[in-house]
Amino acid sequence: MSAPAQNKHDIAAIAKLFDMRADFVHAHPYGSGHINDTYCAYYDQAGQRIRYIHQRLSTEAFKKPIELMENVQRVTEHALNELLKSGDKEARRRTLTCIPSVEGTPHAIDADGNCWRTYPFIERARTYDTIESEAQAMEAARAFGEFQKLTATLPGKPLHETIPGFHNTKQRFQHLEDAIAADTHGRAAEVQKEIEWFMARKDEASIVVDLLESGELPLRVTHNDTKLNNVMLDDVTGEGVCVIDLDTTMPGSAIYDFGDMVRTATSPVAEDEEDTSKITMRMFMFEALVKGYLSSAKEFLTDKEVSLLAFSGKLLTMECGSRFLTDYLKGDVYFKVHKDRHNLIRTRSQMALAESIEAQMSEMEALVAKYR
Ligand code: ADP
Ligand code: GN1
Ligand code: MG
C-alpha cells in the first residue's frame, strides 16, 4: 500500500498521550480509509522495531467519540477473551486491542481537542482495496460472519449507536433530497441524471428499514462497514485474520454487512473507477461471498435474512452511491477526496455496479437458494 503524503499531525506528541512502553521513532500516514486520519508509527522497544497504528477519529463522522471508544473497548475485550478461551495461540493477531492512554482510557484527547486511539499493528497481514481472488472473497466473508457470531455473545448493555441512522437507507435518500433542495455548492444542475437515477429507486430504499421496524428482520450487533479493506488477510495463508474498523459496530442488520461485501468485493475495479464500462458484479465472486458468509453465519441467519442476501448488494450499493452524491452536493465534507469530483466519480461507479446487480438479480437469488 503506498503511503500518502505528509503528516498533518504531530505524532510524536500523540505518542506521549499513550502508555506505549517503547520509544517513538517516526510515523507516516497510512491506508486508504475515507474517514479517520490513520498513521503507522514505528517504535523502538529494547532494540526491536515495532509498529502501532495511531488514529484520529473523524469529528465529522463521529459526534460522540468517547462512547464510540467504549464500544470498541468492550467488543475487542470480549473478542480477546473468547479467543484466549478457545486456546488460540494467535489470539492477539485476531482482534484489535486498545493500547490505553496514560490515564488508562481507550482514547486520548490532544491539545486541539481531537480524539485519538492506538492499536498494535497487525503484522504479516494486509487489507485490499480491490479483490484478487475468489479465495479472498470467501475468507473476507467468513471472517465478517465469524465477527457477527462473536458480537452476538457480547455481555452487558446494548452498544451505543455511534452514527444514528447509519444504514437507514430511507433516511439517506431523504438526506440526498435535502442536499438537492439546499444545493449549497451549486452542483445540482450538473448531476440531474444521477439525481433521477436515485429517485427512480426510492421505493426500494425502504424495504429493509420497514422489515426491521415490523420485526420481520431481527436487529443484531453488526459491523456495519464490511468493505473489503476493513478485514486483514494473512500474507501467507490468505486467511481472514482480523476484522478492523470497528467504529460502526452497533445494532444493525446482517443484510447491511453482507450487502457491503457484495458492493466492495464483486467488482474487478476500485470504488472510484472512472471507466464505468469496467464495473460489473461478477457472479463467481458473489458465489464465493455466499459460500464464505454462510459457512460462518448459516447457523444463526433467519430464512428472511437469507432470502434478502442478493438484494442486499443492490441496497448497499445504492445507499453508498446516494451518500457519495449527497456529499458531492454538500461540498465534500464527509468522505476524504483526493481529486476533482471524486465523490461524483464514486457515485457513478456505484450506479454502474447497482445496474449490473439489477441485471443479474434473478440469477443471484437462484444462487443463494442453492446454498441455503
Ligand atoms: P477508516 O475508518 O478511515 O477506514 P480504518 O480503521 O479502516 O480507518 O483504517 C484505515 C486503514 O489502516 C485500514 O484499511 C488498514 O489498511 C489500516 N489499519 C487500520 N488498523 C490497523 C491495524 N491495527 N494494523 C494494521 N493496519 C491497520
Ligand atoms: C467509509 O471508513 P471506511 O473508509 O472503511 C464509510 C462507509 C462507506 C465507505 C465507502 C464510518 O468506510 O460507510 O461505505 O467509506 N464509513 C463511515 O467506501 O462512514
Ligand atoms: Mg476502513
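One can find the structure itself at the top, above this paragraph.
Our subject in this report is the structure included herewith. All values reported here derive from a predicted model rather than from experimental measurement.

Among the 20 residues in the neighbourhood of ligand 1, the closest are listed as Asn36, Gln55, Ile122, Thr127 and Asp245. One of the side-chain N or O atoms of Asn230 is found 3.0 Å from an oxygen atom in ligand 1. Protein chains bury 98% of the 550 Å² of accessible surface belonging to ligand 1 in isolation. Residue composition of the shell around ligand 1, grouped by class: 11 nonpolar, 8 polar and 1 charged. Taken domain by domain, the makeup of the shell around ligand 1 includes at least three residues from each of domain 1 (11–62 + 98–122) and domain 2 (134–371).

Here helix α8 (residues 283–297) crosses helix α12 (residues 361–371) at 30°, and the two axes come no closer than 10 Å. In terms of orientation, α8 and α12 fall into the roughly parallel class. For α8 against α12, the interelement crossing comes out right-handed. For the pair α8 and α12, contact is made by Met283, Phe286, Glu287, Val290, Lys291 and Leu294 and by Glu363, Met364, Leu367, Val368, Lys370 and Tyr371, respectively.

Moving on to the site of ligand 2. In the vicinity of ligand 2 there are 17 residues, among which His34, Lys227, Glu271, Arg323 and Tyr334 approach most closely. Between Arg263 and ligand 2, the recorded distance is 3.3 Å, taken from a side-chain N or O atom to an oxygen atom. Coverage of ligand 2 by the protein amounts to 97% of the 440 Å² it exposes when considered alone. Considering each element in turn, the shell around ligand 2 owes the most residues, 3 residues, to helix α10 (residues 309–329). When its residues are assigned to classes, the shell around ligand 2 shows 7 nonpolar, 4 polar and 6 charged. Taken domain by domain, the shell around ligand 2 gets at least three of its residues from each of domain 1 (11–62 + 98–122) and domain 2 (134–371).

Moving on: the coordination of the magnesium ion (ligand 3). Each donor-metal-donor angle would ideally measure 109.5 degrees in four-coordinate tetrahedral geometry, or 90 or 180 degrees in six-coordinate octahedral geometry. The protein atoms that coordinate the magnesium ion (ligand 3) are Asn230 (OD1) and Asp245 (OD), at distances of 2.2 Å. Of this pair, Asn230 sits in the loop between β7 (220–222) and β8 (231–234) while Asp245 is found in the loop between β9 (240–243) and β10 (250–252), placing the two residues 15 residues apart along the sequence. The exposure class assigned to Asn230 is buried, which follows from its relative accessible area of 4%. Asp245 gets classed as partly exposed once you look at its relative accessible area, which sits at 23%.

Of note in this structure, Asp332 is not a glycine but carries a positive phi near 60°. Its location among the elements puts Asp332 in the loop between α10 and α11 (342–359). Looking at Asp332, the relative accessible area reads 23%, which means it is partly exposed. For Arg341, which is not glycine, the phi dihedral falls at a positive 55°. Structurally, Arg341 can be placed in the loop between α10 and α11.

Among the secondary structure elements, Gln136 is positioned in helix α3 (residues 134–151). Residue classification places Gln136 among the buried residues on the basis of a relative accessible area of 10%. Beyond its immediate sequence surroundings of up to four residues, Gln136 is in contact with Tyr128, Ile131 and Leu233.

It is worth spelling out the pairing of β9 at this point. Across 3 bridges, the pairing between β8 and β9 is antiparallel. Of the residues in β9, the one forming a bridge with Leu233 is Gly240. A loop of 5 residues connects β8 with β9, the two strands running antiparallel in sequence, and Gly238 in this loop sits at a positive phi of about 80°.

What follows covers the nonpolar core. Membership of the largest hydrophobic core comes to 94 residues, with the highest contact counts inside it found for Phe258, Phe286 and Tyr293. Domain assignment of the residues forming this core places at least three in each of domain 1 (11–62 + 98–122) and domain 2 (134–371). Excluding residues within four positions of it along the chain, Tyr293 makes contact with Ala141, Arg142, Gly145, Gln148, Ala254, Phe258, Met261, Lys298, Leu301 and Leu309. Ala15, Tyr43, Tyr52 and Ile99 belong to the second largest nonpolar core, which has 15 residues in total.

Rules of the game
Residues numbered from 1 in each chain as written. Chains lettered and ligands numbered in written order. Predicted model: local features only at pLDDT ≥ 70, side-chain atom pairs only at ≥ 80, totals over all residues. Heavy atoms only, no water. Near = heavy atom within 4 Å. Polar contact = N/O pair within 3.5 Å; in protein donor to acceptor, adjacent residues only side chain to side chain. Areas by Shrake-Rupley, 256 points an atom, 1.4 Å probe, with all protein chains shown as cover. Nonpolar A, V, L, I, M, F, W, Y, C, P; charged D, E, K, R; others polar. Domains from an automatic or database assignment. Axes fitted to C-alpha atoms, helices over the stretch in contact; angles between N-to-C directions. Helix = DSSP H or I, 4+ residues; strand = E, 2+ residues; numbered from the N terminus. Parallel < 35°, antiparallel > 145°, perpendicular 65-115°, else oblique. Left-handed = near helix turned anticlockwise from the far one by under 90°. Contact = heavy atoms within 4.5 Å. Donors = N, O, S within 2.8 Å, 3.2 Å for Na, K, Ca; no water. Buried < 20%, exposed > 50% of the residue type's maximum accessible area, 1.4 Å probe, protein only. Pairing = 2+ DSSP bridges. Core = buried A, V, L, I, M, F, W, Y, C linked by side-chain atoms within 4.5 Å.

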